[in-house]
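Close look at the chain arrangement
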Amino acid sequence: MGSLDSGAGVGSYKRAAAAAPLPRASAGGGGAARRPGLRSRLARFLLFEKVDYLQWIGTAAAFFFVTILFVAFFPGSAVFENPMLLLPSRRASAGGGVRQSRTEVLLPRDLGGLDTGQGLVFEPTRLREKWARERREEAESLAKLGRPVKRVGVRKPRLALVFGDLFPDAMQLQMVSVASVLEAMGYEMKVFSFEDGPCSNIWRAIGVPVQILPVDTKLLISVDWLDYDGILVNSVEARPVFSSLMQEPFKSIPVIWTVQESSLAHRISEYNSSEMVQILDGWKEVFSRANVIVFPNYILPVMYAAFDSGNYFVIPGSPKVAFQADRLVAKSYDRNVRISLGLGPRDFVIAIVGSQFSYGGHLMDEALVLQAVGPLLQHLQQYSSENSTQTELKVRILSRNVTEKHSPALDVIALNVGFPRGAVEHVAAEYVDNLLGVASLVIYGSCLDEQSFPSVLVQAMSLEKLVIAPDLGMITKYIDDGVNGLLFPRKNIAMLTQVLLQAVSNGELSVLGQKVASVGKIHAKDLMASETIEGYAVLLQNVIKFPAEALTPLSAGEIPLALKQEWKWHLFEHVKHLYHMNESLTGYKILQKIEEEWRSNQKDDARGSTPKIDEAFSTIAWEEERENRIMSIKMRLEEEELKDRSDQTHGTWEEVYRNVKKVDRMKNELHERDEKELERTGQPLCIYEPFFGEGTWPFLHQSSLYRGIGLVNLSKNAESAMLEAIQTQKHGDAFYFWVRMDQDPRSHANQDFWSLCDTINAGNCRLAVLEAFQRMYGMQLDEDLNSLPHMPNAGGTWSVMQSWVLRTRSFLEFVMFSRMFVDALDAQMYDNHHQTGHCILSLHRDKHCYSRVLELIVNVWAFHSARRMVFVNPETGAMHEQHPLDGRRGQMSIQWFSYATLKSMDEDLAEEYDEEHPDRKWLWPQTGEVFWQGVYEREKNMRQQEKERRKQQTKDKIQRIKKRARQKTIGRYIKPLPDDAGRLNDTRTGD
């Protein structure tokens, strides 16, 4: 949020009070005035400039009498424990040397002084600094590109408006009025809502389509927000939309969130005290997601300070009060309302209101206004006595944070002025509707110069109440004295008496007062409408960065006055009465739903918790599980690293396929496949579609035909027709696509291919492609942009939005081409893009600078590589060949896009990288496999050498075994003969 600066109203006043000396006691005064103790109980207050001597004497004498009343009637603790000071308040003019005069009134200490100058000031400092910095950096970055970028607008800028519901209320009236002007400025819009209502017909009547979204806050919304340049979210009830907007790829879309409800702000303290931390964190997260949070007044940023992330902005003004005027008028006739405020049926009621930042904090304002009302009291009393009427003057002061000291002090001041007891009372701020409903006239009693016209005065004027206010700058901007309100000089509050006497006659409003009040009601109906509508137009200019293909809308200064000076009341005449049905629930339904979900989660957690006696064992078990999991992860990583370090041979696709199948058969592991994978087995077509982030999950296809997520869907008929055409090879090696260029909203009628490419790439597509081809093919082409590959406009249309399929072999061929093409683009743009975030293909900073060129370059490759191009109707499946192959003869540059040429270029790049290892920024090696015939030969030689090395090792081992030194025999062992044989030998020996 911007800074909340303390203005001159508080700071300078405190310094003046501290420096003021105490006055001397008058020599001729009474004994009580000479007592030292009484001097410590006196207070010194502000006085207005240019008060003549006689008026000063009268004022001083009147308020000197108040001293006695305070001593007599004010509670003892207030008198003796809190001494009173006589405080002067100085209001210096621009010159600083103007003579000052003084008026004095006795009030208890710490009750405050006159509200003057400017109070709290809200400034969206961080947002404005951010916008200025972005504009400066963008201008500097574009200047460094060296080449101009231009907008070639062909479509209107698109906005999405998101609501919680479509019931008639002030928010609907305001945004219908804003949208009507935005449409005249050149915007195109679509409304999204989580609940239908009577206002859907109003939106359609002004030409804005409506779509109803699912209500479940846990589900992502199936809307492609990338179709919109910006999103305007309205009301806290629309929070569920952030479930998608906080996910990729939608996180970068500008979001402006208008918050007019205070219901969430009142729950913040409750959430803190109840320790609902998850709810608070959730709201902080969604508040920080919005690029800008818009409030209709300057009090709401203070109330929502807990969620501030520096993105708060105020666009003052809202038709809320005027929209509710009929209901509030009815309260003025409610007898119970008057009784609750202590009023009789014939009482003339004056409501004193003030700044929303100072209600109840400055008794001096109230005292001075009551003094000015005093003569009117005498006038009404005289009229009532002469005409025997029961009309009494009652004053009710709207107050915030009234302390215990205020009521007794106010009673004393009122009695001194001449009011009977009970005629002057405070009314709490939450009863402002009741007070204004029964008031006869309203006095704005604050001298704080606010940043916008006080909403309480708008409400009073809407109820046809006469408004009397000081001539502050913000008030005189909207109130013309004597026309739609009455003014009095803020530096001469005594003039308020004369204004009141002119406004009241014979116990009621004078003819002048009634006429002024009637005109004020008419003016209040559309008060600040132009500022609000123009504020949104200016905000959109600062927040949204429109792409090159978008037309530039009118600026805020170009809006005709007739379009923005009033709300679209006539569109709500027939549904306005339905507002009361939904009023009590505004802003609370989403809070109740989130709180119920939180309580449900708390109950689930409580039911699922384990007893305390088992906590120690549970902790040990979880610790062991954690250690086991870490060990398994480490083992898996080691296995993967070892696998990566093993020899990986290269060869033909057939060899690789054979080896993989062989290894797969040798494994004994159980392979479990999901149903979709089993369905894809043997399928002739599988469409891989890129996706990025959880925000695209709702677009996930459930069919086995797809792998991934896509934003453009095919019907079952189209899928079946395409599968049949591929199985039967009806079109041969064809390029099938189902999103056509001539139906792309970025393309206008009869726009040729290269013109569209320039349109969506800041006017520099042809130049970038030409230079890329020069780098890619290593030759100097003609500088004439017409030397680009011919892409005829006649004969058919082209593919857009990356919605196409190719047979696998052809797809790999295109990948080979696109790798080299992207590398050539990157070589010419990387330095500037990396340093500044800008490239010549975009008007603004863009992380995906090349994507729009790559979206279209597939058409160039398919056309000039002599492939059939077939459009598939995504609804019916009907197929129509575009740019028939027979009619392309003489128009194709086959020599530059043939497989042999591209393969040769690919191998040249691989050879350069493999052998030279150039030390430069080079994208191509990082986008795929680096392989050429030399790599295959080298790996084959390495395998042969390894085989020979192992053979040689085996031979060497055998030789070592043979040549191993052997130990000589030490002796000979003779096996002894059996016993029978021994005896036979002995016999023979004896013979």
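The name that an unreviewed UniProt entry assigns to the protein is Glycosyl transferase family 1 domain-containing protein, with the source organism given as Brachypodium distachyon.

Describing the pattern of salt bridges
Throughout the structure, instances matching the rule amount to 23 salt bridges. The salt bridge partner of E137 is R845, with a shortest N-O separation of 3.3 Å. Remark: R845 occurs in the loop between α33 (808-836) and α34 (851-864) and E137 occurs in helix α6 (residues 125-144); sequence separation between them is 708 residues. A relative accessible area of 30% means that E137 is categorised as partly exposed. Note on R845: relative accessible area 49%, which makes it partly exposed. In this structure, the salt-bridge partner of R868 is E881, at a minimum N-O distance of 3.2 Å.

Some remarks on the pairing of strand β7 (residues 255-258)
The two faces of β7 match: V255 and W257 on one face and I256 and T258 on the other face are all buried. Alignment of strand β6 (residues 230-234) against β7, held across four bridges, turns out to be parallel. Its bridge partner lying in β7, I231 is registered against V255. Both β7 and strand β8 (residues 292-295) contribute to a ladder of three bridges, which runs parallel. Across the sheet, the residue bridging to I256 is V292, located in β8.

Overview of the sheet that holds strand β21 (residues 804-805)
Here we have four strands laid out as an open sheet, ordered β21-β20-β22-β23, and mixed in their pairing. Looking at strand neighbours, the two that pair on one side only are β21 and β23 (879-882), the edges of this open sheet.

Brief notes about the sheet that holds β6
As a general point, the strands of a sheet are linked pairwise by backbone hydrogen bonds and lie either parallel or antiparallel. In spatial order, the strands read β5-β4-β3-β6-β7-β8-β9; together these seven strands make up an open sheet with parallel pairing. Sheet topology places β5 (210-212) and β9 (312-314) at the edges, where each strand pairs with a single neighbour. Within this sheet the neighbouring strands show an average axis-to-axis angle of 25°, counted without direction. Both strand β4 (residues 188-193) and β5 contribute to a ladder of three bridges, which runs parallel. Of the residues in β5, the one forming a bridge with V191 is V210.

Some details on the state of the cysteines
For the coordinates displayed, the defined rule picks out two disulfides. Each disulfide pairs two cysteine sulfurs, and for C757 the partner residue is C765, the sulfurs being separated by 1.8 Å. On the sign convention where negative means left-handed, the S-S torsion of about 70° between C757 and C765 marks this disulfide as right-handed. Residue C757 is classed as buried on the basis of its relative accessible area of 2%. Put simply, C839 and C849 are joined by a disulfide, and their sulfur atoms are 1.4 Å apart. In this pair, C839 is assigned in the loop between α33 and α34 and C849 in the loop between α33 and α34, connecting sequence segments 10 residues apart. Residue C839 shares its accessibility class with C849, and that shared class is buried.

What about the side chain of R740?
Within the secondary structure, R740 is located in the loop between β20 (734-737) and α31 (753-759). Separated by 2.7 Å, the side chains of R740 and D742 make a polar contact. Contacts of R740, omitting those with residues within four sequence positions, involve T797, W798, V800, F871 and Q882.

A closer look at the packing of helix α16 (residues 363-387) against helix α21 (residues 495-503)
Contact geometry for α16 and α21: axes closest at 8 Å, N-to-C directions at 35°. α16 and α21 meet at a crossing whose hand is right-handed. Together, V369, A372, V373, P375, L376 and H379 of α16 and L496, T497, L500 and L501 of α21 make up the contact between the two elements. The residue makeup of the contact of α16 with α21, split by class, is eight nonpolar, two polar and no charged.

Focus: helix α36 (residues 899-916)
Look at α36: 25 Å from first C-alpha to last across 18 residues, which is about the 26 Å you get at 1.5 Å a residue. Along α36, the positions that sit buried rather than exposed are L902, M905, D906, L909, A910 and D914. Viewed end-on, α36 has its buried residues packed into an arc of 165°, placing them on one side of the element. Structural note: α36 exposes A900, E915 and E916 on the side pointing more than 90 degrees away from its buried face. Here the buried face of α36 lies against α32 (765-777), α33, α34, α35 (894-897) and α37 (933-962). A positive backbone phi angle near 45° is found at H917, which sits one or two residues after α36.

A short note on the packing of helix α7 (residues 170-185) against helix α23 (residues 529-543)
Between α7 and α23, the shortest axis-to-axis distance is 10 Å and the interhelical angle comes to 55°. Here α7 is positioned oblique relative to α23, judged by the angle of their axes. Seen along the crossing, α7 lies across α23 with a hand that is right-handed. Residue-level inspection shows Q174, M175, S177, V178, V181, L182 and M185 of α7 in contact with α23, the latter providing T532, I533, Y536, A537 and L540. Looking at the contact of α7 with α23 residue by residue, the class counts come to nine nonpolar, three polar and no charged.

Remarks on the packing of aromatic side chains
The relative placement of two aromatic rings is captured by the distance of their centres and the angle of their planes. Under the definition given, this model contains 37 aromatic pairs. Centroid distance Y187 to F546: 6.0 Å. Interplanar angle 55°. Geometry classified as tilted. Here Y187, found in the loop between α7 and β4, pairs with F546, found in the loop between α23 and α24 (561-564); they are 359 residues apart in sequence, far enough to count as distant. For the residue pair Y187 and F546, the accessibility class agrees, reading buried in each case. Aromatic side chains F323 and W569 sit 6.2 Å apart centroid to centroid with 25° between the ring planes, which places their arrangement in the stacked category. Here F323 is found in helix α13 (residues 320-323), whereas its partner W569 is found in the loop between α24 and α25 (579-582), with 246 residues between them in sequence. The same class applies to F323 as to W569, namely buried. Its end group placed over the ring of W283, R239 keeps NZ or CZ at 4.5 Å from the ring centre. Just above the ring of W569 sits the side chain of K525; from NZ or CZ to the centre is 5.3 Å.

Rules used throughout
All residue numbers refer to positions counted from 1 along the written sequence of the respective chain. pLDDT decides what is reported in this predicted model: residues at 70 or higher carry local features, side-chain atom pairs at 80 or more are listed and counted, and totals for whole chains, interfaces and linings draw on all residues regardless. Only hydrogens and water are removed before side-chain values are computed, so all heavy atoms of the structure are retained for them. By definition, a salt bridge exists where a carboxyl oxygen of Asp or Glu is found within 4 Å of a side-chain nitrogen of Lys or Arg. To qualify as a helix, a DSSP run of H or I must reach at least 4 residues; to qualify as a strand, a run of E must reach at least 2; elements of each kind are numbered from the N terminus. Classification of residues uses two cut-offs on accessible area relative to the type maximum, computed with a 1.4 Å probe and protein chains only: under 20% is buried, over 50% is exposed, and between them is partly exposed. DSSP-based pairing: two strands are paired if at least 2 bridges between them are found. Fitted lines through C-alpha atoms give the axes, limited to the stretch in contact for helices. The angle between two N-to-C directions lies from 0 to 180 degrees. Cysteine sulfurs are considered disulfide-paired once they come within 2.5 Å of each other. Two N or O atoms form a polar contact when they lie within 3.5 Å of each other; inside protein one atom must be a possible hydrogen donor and the other a possible acceptor, and for residues adjacent in sequence the pair counts only when both atoms belong to side chains. Contacts were defined at the residue level, with two residues in contact if any of their heavy atoms lie within 4.5 Å. Crossing chirality is assigned from the near helix's rotation relative to the far helix, an anticlockwise turn below a right angle marking it left-handed and a clockwise turn marking it right-handed. Only Asp, Glu, Lys and Arg are considered charged, only Ala, Val, Leu, Ile, Met, Phe, Trp, Tyr, Cys and Pro nonpolar, and every remaining residue, Gly among them, polar. Multiplying one less than the number of residues by 1.5 Å gives the expected span of a helix. By arc we mean the arc of the directions from the helix axis to the C-beta atoms, nothing more. Any angle from 65 to 115 degrees is called roughly perpendicular, while one under 35 is roughly parallel, one over 145 is roughly antiparallel, and all others are oblique. Under the pairing criterion, centres of Phe, Tyr and Trp rings, with the six-membered ring standing for Trp, must be within 6.5 Å; the plane angle then separates stacked pairs below 30 degrees from edge-to-face pairs above 60, leaving the rest tilted. Only when the NZ atom of a Lys or the CZ atom of an Arg is both within 6 Å of the ring centre and within 35 degrees of the ring normal do we say a charge sits over the ring.

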